[in-house]
Amino acid sequence: MSAERVSESRVRVDVRKIGGIDEAEVVLPPGVSVLTGRNATNRTSFLSALMAGLGSERASLKGDAEKGSVTLEIDGETYTRTLTRHGDTVAFDGDPYLDDPELADLFAFLLENNEARRTVARGDDLREIIMRPIDTDRIDAEIESCKRKREELDDEIERLERLEGELPELEEERRENRAELEEAREELATVRSELEDLEMDVERSRSRKRELEEAFQRVRDARSELDDLEFDLETERSTLSELESERDELEERLADAEPPEKDPDRLAGRVQELRDRKRALDGTINHLANVVSFNEEMLEEEGLDLDRDDTATATNPIEALTGGDETTCWTCGSTVATEQIEATVEQLRDLRSEKLEERNGVESDITELTERRSELRTERRKAERAEEQLDDVEAEIETTNERIADLEDRIETKRAEIADLEAETEAIEVRDHDEVLELHRESNELELRVERLEGDLETIDGEIADREEAIEERDGLEAEHEDLTERLADLRTHVERIEKDAVTAFNEHMETVLDILEYDNLDRIWIQRRREEVREGRRKVTRTRFELHIVRSAADGSAYEDTIDHLSESEREVTGLVFALAGYLVHDVHEVVPFVVLDSLEAIDSDRIGRVVDYFRTHAEYLVAALLPEDAEALPDEYTYVTSID
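Residues numbered from 1 in each chain as written. Predicted model: local features only at pLDDT ≥ 70, side-chain atom pairs only at ≥ 80, totals over all residues. Heavy atoms only, no water.

Student: Can you explain the nonpolar core? Please cite residues and give values.
Tutor: Within the largest apolar cluster, 106 residues are counted, with the highest numbers of intra-cluster contacts made by Phe 46 and Phe 595. Considering each element in turn, this core owes the most residues, 14 residues, to helix H12 (residues 474–517). Formed by 16 residues, the second largest nonpolar core is a distinct cluster that contains Val 219, Leu 226, Ile 411 and Ile 418. (Core = buried A, V, L, I, M, F, W, Y, C linked by side-chain atoms within 4.5 Å. Buried < 20%, exposed > 50% of the residue type's maximum accessible area, 1.4 Å probe, protein only. Helix = DSSP H or I, 4+ residues; strand = E, 2+ residues; numbered from the N terminus.)

As structure tokens, then:
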């Protein structure tokens, strides 16, 4: 059902076989509708039918009917509810006005058995009623979810801040790399120009030149391979250093971890022993309870049918057992003092109390051992995971050392190969051979240097681009973080706001209603929120309680505080109605259902009923009240009066 208010239109209610109603149709205009009549005139049955059509299940079938229904026509829409008898139960079906009637049942459908009214009358905790529609478990779950998301955002924002902090260093490294690359390119261009000049002079020795160039190329290729091998070696050594650091950290973690003082699997046996002991104690306690109960019944002279061998036994068997100072024992048949049996029963009671205390102690030990076993298992799993990680790291260290040794061997081999290739090159005779050879060597080194610098520059450019792109996301993440913080604050204060609003609403409305109703010695009724520590299992938690305070005036004009038990029935009913109205307003029930239904106001005198109805009508679009004729006389003629339900 939509939360929007319906427009001010007449509501048609068609009832069939509900409560005491066989068939009835009533039209309710906006405002106050008064069902007036004596008792047993189906006024309450009609209100129950109206509530059923709106969504409540607090209605009953007519005694001789197997099926009943109620149809509501509101603002051009039709809502139908059916009731069908199935043995001893009644099933509700159809399409009511409300999908969930909980709010209306608590704060809008104010019949005699309304839970909000009765809670006040009994003096129970009012907070439970006010907070029942609030899904506090859902709120707690959402708080935990928001906290996890915010922690993830904190980590991501911190990572982005680190990346931003690294940008200046990367940009400086890029500038240095570009400068060094430009310098290397200029040197390479110079060397190549000198080579071209020299090669023109050796044009006549083409075959030698080609042989020399091929030799130089072999040297360049070998140097390039050597450079790759040295780079791979540097990478493997860096990896080895990281692995060794990780190994040291894991070894330190394992060394610092305290070994479990007990084996959790051994605790399982102890837990089972305690559970067996608890079951045995339960059996003993139940047996003792039965024995004590039986003997108490016998001592109270209920259900005895034992004979004594004197004259009184024939006429009064109870007297035979309990008369005088002696009693025939119903377990062994001997004659014993009554006080002795009572003392034995008292001993049995004491024994049962001892067994109860022992059972509670065993139950506490079971809980503690179960929790300790869980902690030990968690500690053992952590240690096992750390040992597995350490084994993996040590295996990887061994593999990395093998790769390093292999690379070092290959580098030595490659250096020897280069030395041989350079020796072959030097053996080729070309004019200006030495100078050409030196220039080719220099050119080869410069080419490799340029290639490496270009690769490094490309890598740095990529890292800077990645960081800049990631940093651009930080504003959005910070905004999301702020939204989560605000949402957490809202969730954490949501329940408290509702509590405060409910207390404020009740206190304000109660003050206004007391002024209107003019009770002679009733000065004030108000709710006070109190925080108190209560025990839940093995821990203490803080809970909120709504305490109802009442202040009266004595004959001498002095004020004193009273309790709900001392309120008159009229005052108690008014207090219950105002408390329900506070819930109606705090939970915005008017946005869910535009009705307030009133019944069982007989304890309030007619003038005050008129004032209560007049006050309530300002808060609901439709107010339907069932009143006796003499009570209805105090209400204005402008209200709608329904004198017959048919």
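Student: Quick rundown of the sheet that holds strand E6 (residues 89–95)? Include the residues and the values.
Tutor: Reading across from one edge, E2-E1-E4-E5-E6 is the order of the five strands in this open sheet, with antiparallel pairing throughout. The two strands at the open ends of the sheet, each matched to only one other strand, are strand E2 (21–28) and E6. Here the strands of the sheet are splayed against their neighbours by 10 degrees on average, with no regard to which way each runs. Here strand E4 (residues 67–74) runs beside strand E5 (residues 77–86); their pairing, made up of eight bridges, is antiparallel. Paired with Glu 73 across the strands is Thr 78, a residue of E5. On the sheet, helix H1 (residues 43–54) packs against strand E1 (11–18), E2, E4 and E5 and is oriented at approximately 70 degrees with respect to E4. (Pairing = 2+ DSSP bridges. Axes fitted to C-alpha atoms, helices over the stretch in contact; angles between N-to-C directions. Contact = heavy atoms within 4.5 Å.)

Student: Before we move on, can you summarise the packing of aromatic side chains with the specific residues and values?
Tutor: Going through the model one piece at a time under the given rule, you end up with two aromatic pairs. Considering the side-chain rings of Tyr 79 and Tyr 97, the 5.2 Å spacing of their centres and the 70 degrees angle between planes classify their relative orientation as edge-to-face. Of this pair, Tyr 79 sits in strand E5 while Tyr 97 sits in the loop between E6 and helix H2 (102–107); the two residues are 18 residues apart in sequence, bridging distant segments of the chain. For the pair Tyr 79 and Tyr 97, a shared accessibility class is recorded, and that class is buried. Taking 4.7 Å as the distance between ring centres and 15 degrees as the angle between the ring planes, the aromatic pair formed by Phe 595 and Tyr 622 counts as stacked. Here Tyr 622 lies in strand E14 (residues 622–627) and Phe 595 lies in strand E13 (residues 595–598), a separation of 27 residues in the sequence. Assigned by exposure class, Phe 595 and Tyr 622 land together as buried. (Phe/Tyr/Trp six-rings, centres within 6.5 Å; stacked < 30°, edge-to-face > 60°.)

Student: Summarise a negative patch on the surface; cite the residues concerned and give the values.
Tutor: A cluster of like negative charges, contributed by Glu 169, Glu 173, Glu 176, Asp 456, Glu 463, Asp 466, Glu 468, Glu 469, Glu 472 and Glu 473, occupies part of the molecular surface. Residue assignment for the negative patch shows that the elements contributing at least two residues are helix H5 (136–201) and helix H11 (433–472). One can find Glu 469 in helix H11. (Patch = residues over 30% accessible without salt bridge, like charges linked within 9 Å, V, L, I, M, F, W, Y side chains within 5 Å. Areas by Shrake-Rupley, 256 points an atom, 1.4 Å probe, with all protein chains shown as cover. Salt bridge = Lys/Arg side-chain N within 4 Å of Asp/Glu carboxyl O. Lys, Arg positive; Asp, Glu negative; His and termini not counted. Charge placed at Lys NZ, Arg CZ, Asp CG, Glu CD.)

Student: Describe in detail the sheet that holds strand E3 (residues 31–36), supporting the description with residues and values.
Tutor: With respect to topology, five strands assemble into an open sheet ordered E7-E13-E14-E3-E15, the strand pairing being parallel. Of all strands in the sheet, those with a lone pairing partner are strand E7 (109–110) and strand E15 (640–642), marking the two edges. Alignment of E7 against E13, held across two bridges, turns out to be parallel. Note that in E13 the partner of Leu 110 across the bridge is Leu 598. Relative to the sheet, H1 contacts E3, E7, E13 and E14, its axis offset from that of E13 by approximately 155 degrees. Its contacts with the sheet place helix H14 (residues 606–616) against E3, E7, E13 and E14, and it is angled at close to 165 degrees to E14.

Student: Mind laying out the pattern of salt bridges, listing which residues take part and the relevant values?
Tutor: Taken as a whole and assessed by the stated rule, the structure comprises 40 salt bridges. The salt bridge involving Arg 16 is made with Asp 14; its shortest N-O contact spans 2.2 Å. Between Asp 614 and Arg 617 there is a salt bridge, with its nearest N and O atoms 2.7 Å apart. Overall, the relative accessible area of 34% leaves Asp 614 in the partly exposed class. Assessed through its relative accessible area of 34%, Arg 617 is described here as partly exposed. Via salt bridges that share partners, Arg 12, Glu 25 and Glu 73 belong to a single interconnected network.

Student: I'd like to hear about the side chain of His 587, residue by residue, with values.
Tutor: When you line up the elements, His 587 lands in the loop between helix H13 (569–586) and E13. Discounting residues that sit within four places of it in the chain, His 587 has contacts with Leu 103, Phe 107, Ile 130, Pro 133, Ile 134 and Ile 498.

Student: Break down the pairing of E14 for me, citing the residues and quoting the values.
Tutor: Counting buried positions along E14 gives six out of six residues, so the element sits mostly inside the fold. Residues Tyr 622, Val 624 and Ala 626 of E14 are buried on one face, and the alternating residues Leu 623, Ala 625 and Leu 627, pointing to the opposite face, are buried as well. Judged from the four bridges that link them, E13 and E14 form a sheet pairing that is parallel. In the strand pairing of E14, Val 597 is matched with Val 624. Handedness of the crossover joining E13 and E14 through H14 is recorded here as right-handed. (Right-handed = clockwise from strand over helix to strand, strands pointing away.)

Student: Can you lay out H1 for me, pointing to particular residues and giving the numbers?
Tutor: In a regular helix each residue adds 1.5 Å, so twelve residues correspond to 16 Å; H1 covers 17 Å between its end C-alpha atoms and thus fits that length. The buried fraction of H1 amounts to eleven of the twelve residues, a majority that puts the element mostly inside the structure. Taken together, the buried positions of H1 are occupied by Arg 43, Ser 45, Phe 46, Leu 47, Ser 48, Ala 49, Leu 50, Met 51, Ala 52, Gly 53 and Leu 54. At the C-terminal side of H1, Gly 55 shows a positive phi close to 135 degrees. (Expected span 1.5 Å × (residues − 1).)

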